[in-house]
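Here is how the chains run, residue by residue.
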Amino acid sequence: GAIVYAILVGKSPAHSLWRIFVWSTGSPAEGEVTPAGRFLGILVTVCGLIILSLLLGIVTEMFTTKMTEIKQGVNKVVEGGHVVILGFTECTRCLLEELANARESEGGGMFVILAQEKKDDVENALFGNSLKIENSRIVVRSGSSCTIRDLHKVAANSAAQVVIMSDTSISPEEADAKSIRTLLALMTKGWPTNGRVIVQCASEANRTLFKNIYSNKEVEVVVVGNIVAKLMAQTSRQHGLATVFGMMLGFEGDEFYSEEWPDLVGSTFREAVFRFSQAVVLGVFSAEEECMINPGWDYKIQEGDRIIVLAEDNDAYTLEDKPYYTPPEVDLEEPIPPLNTSAEELKARTSRESTPTKTLIIGWNNNIGPLLLSLDSVSAHGSSITIYSPRPVEDREQDIAKLELRVGQKLEAASIKHVCVDSDEASSKLELQRLNHHEHDCVFILAEGATRAKADERTMAILTQLNAIGAEIPAEEKKHFDPVVEMCEDSTAEHLQMCGFLNFVHSNSLISQALAAVTEEPQVNAIYHDLMSNVHNSFEFRSYKDFLRQGEKEPDMLSFGEAAHRISEAGDIALVAWSAVPKEGTAEEREWEMNPKDKITPRQWSSDDQVVVIRRFGSVD
């Protein structure tokens, strides 16, 4: 710059260098004419530049550090009334979508995730899969859920709900131990101050332990793994049961609501059922907060009881002045023929199968224990269960021994045979052929893999191979192949349907739906537990013909009100939903309608249609 200045202006090199220095630094020494003054000006200017550079360096470092903290998720969240999710698992994405769906009408919610993984990894895993959160916001922070400092970072003290996720990467007992430590960390500070804690428990045996740890705080313990396993076992006997149960769990369509109706005090449960034309009545919450699903038709509604219903919204139903369905008068002098189904069967608990069966389980995960218990409770003595998995046989036997010790009972009805295979060969045709799956009465496929995607990839590969193997076997030499499949990703449902497999259970979705529902309404937890415990009731499919009298023809036209009334005459059995076979489908592809809004107008009915009922164990009329 000094050389160009000297050429253009015609000044000496020394003057040109001085002028360029003054211009480039803005030095106040411009007015100095003596060499000593100029030297001092240069010295002061250089020192100023050094100080300025230091200040700029400090500011840059502070800015870089702050951006790194934001990127790594270590800075504190300033929020209140939000939902804190402690832990990041394969269910977190589904849980966020369910919670966002539930709060869409409120303008969205605020969800804060505290994960051990890096913030970038969690955000990429969430938002890289087209996360549907509507108007809600998500904040991710990295840290340990057992550390007070990290819990303070996500404002656990001011949260409305704190959800403790179960770590599925470790054993159920280890996962519960980790959750216990997290609960204790919250307990030391009394957090959340004005909120609730929802704990995903991995083992049913630890349910009471979690409730007792934090006794002075409202804690809801959700044991969803057992529900998934029980649903898989029941779905093997009643095709599509998991689909109907999933409809009850989610926020799409009808949901659970409970409300006190003083005008019903003194009425029977039967009378209450027919006073709500826009809802399906399921049971009552007593004044003592006891959940009673299908308490029996003669149960008297008491003061303080809240009626549990399935409805589209809490303001979409109301108490009618009179019953929406009135049965026709019956000539009492005419003899009443017996039911097509005996009274003993309609009041009995779920019975064991009468003949030994052969069951094949492909895969091994945390659901294997509850699944084996469920199968052992219904299988005839002398049955057999073959388990095919890369997991070492010694580890499997140890897991089963721990299971028997934990529940205090032996798996006696069925003998267990283990088949081991290398992980890389699990979907090999050669390995699968030796299973002779066509000889088994029931086949279960559990999700097994390092990730959700890997598990579903293996599942689809195994199903494709089994289909190909079955195609080579003559029809008269093989049993019907309708496996119960556990899937992890939403897209897998389409792949299964395309291949003709309709009997599947979306485990992650069921777990997330249950957790989200309990997070929004804690009393829903008692409803799930009652429905799936099989202590008082059985949730099952039935043919409408089961509730007709002998010699009575099945109707061509039927209303929901008439069906509910006729079913109630057979015993303490409540109608929840019914089905209709699609015009271009089979009975296995039927669609289910829960809580039809028009319960009075008859619709077409065929012998292929079924009803979904809650059947109470006990006496019948």
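Rules behind the numbers
Residues numbered from 1 in each chain as written. Predicted model: local features only at pLDDT ≥ 70, side-chain atom pairs only at ≥ 80, totals over all residues. Heavy atoms only, no water. Helix = DSSP H or I, 4+ residues; strand = E, 2+ residues; numbered from the N terminus. Buried < 20%, exposed > 50% of the residue type's maximum accessible area, 1.4 Å probe, protein only. Contact = heavy atoms within 4.5 Å. Areas by Shrake-Rupley, 256 points an atom, 1.4 Å probe, with all protein chains shown as cover. Phe/Tyr/Trp six-rings, centres within 6.5 Å; stacked < 30°, edge-to-face > 60°. Lys NZ or Arg CZ within 6 Å of the ring centre and 35° of its normal. Axes fitted to C-alpha atoms, helices over the stretch in contact; angles between N-to-C directions. Parallel < 35°, antiparallel > 145°, perpendicular 65-115°, else oblique. Pairing = 2+ DSSP bridges. Nonpolar A, V, L, I, M, F, W, Y, C, P; charged D, E, K, R; others polar.

Participant: Explain the overall build of the protein here, please?
Facilitator: For the protein, the count of helices and strands is 20 helices and 22 strands. Residues classed as buried in the protein amount to 51% of the 621 residues present. Long-range pairs, those at least 24 residues apart, make up 75% of the contacts in the protein with a sequence separation of at least 6. Split by element, the accessible area of the protein, about 29700 Å² in all, is 52% carbon and sulfur.

Participant: Even after reading the chapter, I still don't get the packing of aromatic side chains, so can you show me in this structure?
Facilitator: The geometry of an aromatic ring pair is captured by the separation of the ring centres together with the interplanar angle, meaning the angle of the planes. Evaluated as defined, the whole model comprises 13 aromatic pairs. Ring geometry for Phe 245 against Tyr 528: centres 6.3 Å apart, planes inclined by 55 degrees, an arrangement best described as tilted. Note that Phe 245 is positioned in helix α10 (residues 241-249) and Tyr 528 in helix α19 (residues 524-533), a separation of 283 residues in sequence. By relative accessible area, Phe 245 is classed as buried at 1%. Relative to Trp 605, the ring of Tyr 544 lies with its centre 6.0 Å away and its plane at 75 degrees, an arrangement referred to as edge-to-face. With Tyr 544 in the loop between β17 (537-542) and β18 (557-558) and Trp 605 in the loop between β21 (603-604) and β22 (611-616), the pair connects residues that are 61 residues apart, well separated along the chain. For the pair Tyr 544 and Trp 605, one class covers both residues: buried. In this structure an aromatic cluster arises from ring pairing among Phe 245, Phe 256, Tyr 528 and Phe 539. Directly above the ring of Trp 578 sits Arg 603, whose terminal nitrogen or CZ lies 4.2 Å from the centroid.

Participant: When you look at the environment of Ala 233 in this model, what are you seeing that I'm missing?
Facilitator: Relative to the assigned elements, Ala 233 resides in helix α9 (residues 224-237). Taking the relative accessible area as the measure of exposure, Ala 233 reaches 8% and is therefore buried. The spacing of Ala 233 and Val 378 is 145 residues in sequence and 9.2 Å in space, taken between C-alpha atoms.

Participant: How should the packing of helix α16 (residues 452-471) against helix α17 (residues 490-498) be read in this particular structure?
Facilitator: Working note: a packed helix pair is described by the angle between its axes plus the distance between those axes. Following both chains from N to C, one finds α16 and α17 inclined at 5 degrees, their axes separated by 11 Å at the closest point. In terms of orientation, α16 and α17 fall into the roughly parallel class. Contacts between α16 and α17 involve Asp 456, Met 460 and Leu 463 from the first element and Thr 492, His 495 and Leu 496 from the second.

Participant: Where do I start with helix α4 (residues 92-102) in this structure?
Facilitator: Every α-helix carries 3.6 residues per turn, so stepping three or four residues along brings you back to the same face. Burial analysis of α4 places 10 of its 11 residues in the buried class, the great majority of the element. Along α4, the positions that sit buried rather than exposed are Thr 92, Arg 93, Cys 94, Leu 95, Leu 96, Glu 97, Glu 98, Leu 99, Ala 100 and Ala 102.

Participant: Mind showing me how you'd approach the pairing of strand β4 (residues 161-164) here?
Facilitator: Taken residue by residue, a regular strand's side chains alternate between the two faces of the sheet. Covered by surrounding structure in β4 are Gln 161 and Val 163 together with Val 162 and Ile 164, the residues of both alternating faces. The pairing of strand β1 (residues 83-86) with β4 spans four bridges and is classified as parallel. For Ile 85, the partnering residue across the bridge sits in β4 and is Val 163. With four bridges connecting them, β4 and strand β5 (residues 196-200) associate as parallel partners.

Participant: Would you take a moment to explain the sheet that holds strand β9 (residues 291-293) for this structure?
Facilitator: In space, the four strands of this open sheet follow the order β7-β10-β8-β9, with antiparallel pairing throughout. The open sheet has two edge strands with one neighbour each: β7 (255-260) and β9. Strand-to-strand twist of the sheet, defined as the mean angle between neighbouring strand axes without regard to direction, takes the value 35 degrees.

Participant: I tried to follow the packing of α9 against α10 on my own but got confused; where do I start?
Facilitator: Between α9 and α10, whose axes approach to 8 Å, the crossing angle comes to 140 degrees. Viewed along their axes, α9 and α10 adopt a mutual orientation that is oblique. Residue-level contacts link Ile 227, Leu 231, Gln 234 and Thr 235 of α9 to Leu 241, Ala 242 and Phe 245 of α10. Its residues assigned to classes, the contact of α9 with α10 comprises five nonpolar, two polar and no charged.

Participant: Just to check I follow, could you spell out α19 for this structure?
Facilitator: Where burial is concerned, most of α19 is hidden: eight out of the 10 residues are buried. Restricting attention to buried positions, one finds in α19 the residues Val 524, Asn 525, Ile 527, Tyr 528, Asp 530, Leu 531, Met 532 and Ser 533. One or two steps after α19, the chain reaches Asn 534, where phi turns positive at roughly 60 degrees.

Participant: Would you take a moment to explain the sheet that holds strand β12 (residues 383-389) for this structure?
Facilitator: Taken in spatial order, the six strands line up as β13-β12-β11-β14-β15-β16 in an open sheet, and their pairing is parallel. The sheet is open, and its two edges are formed by β13 (414-420) and β16 (504-506), each paired on a single side. Between one strand axis and the next, the sheet turns by 15 degrees as a mean value, whatever way the strands run. Across the sheet, α17 is in contact with β15 (484-487) and β16; its angle to β15 comes to roughly 150 degrees. Of the strands in this sheet, β15 and β16 are in contact with helix α18 (residues 507-520), which crosses β16 at around 45 degrees.

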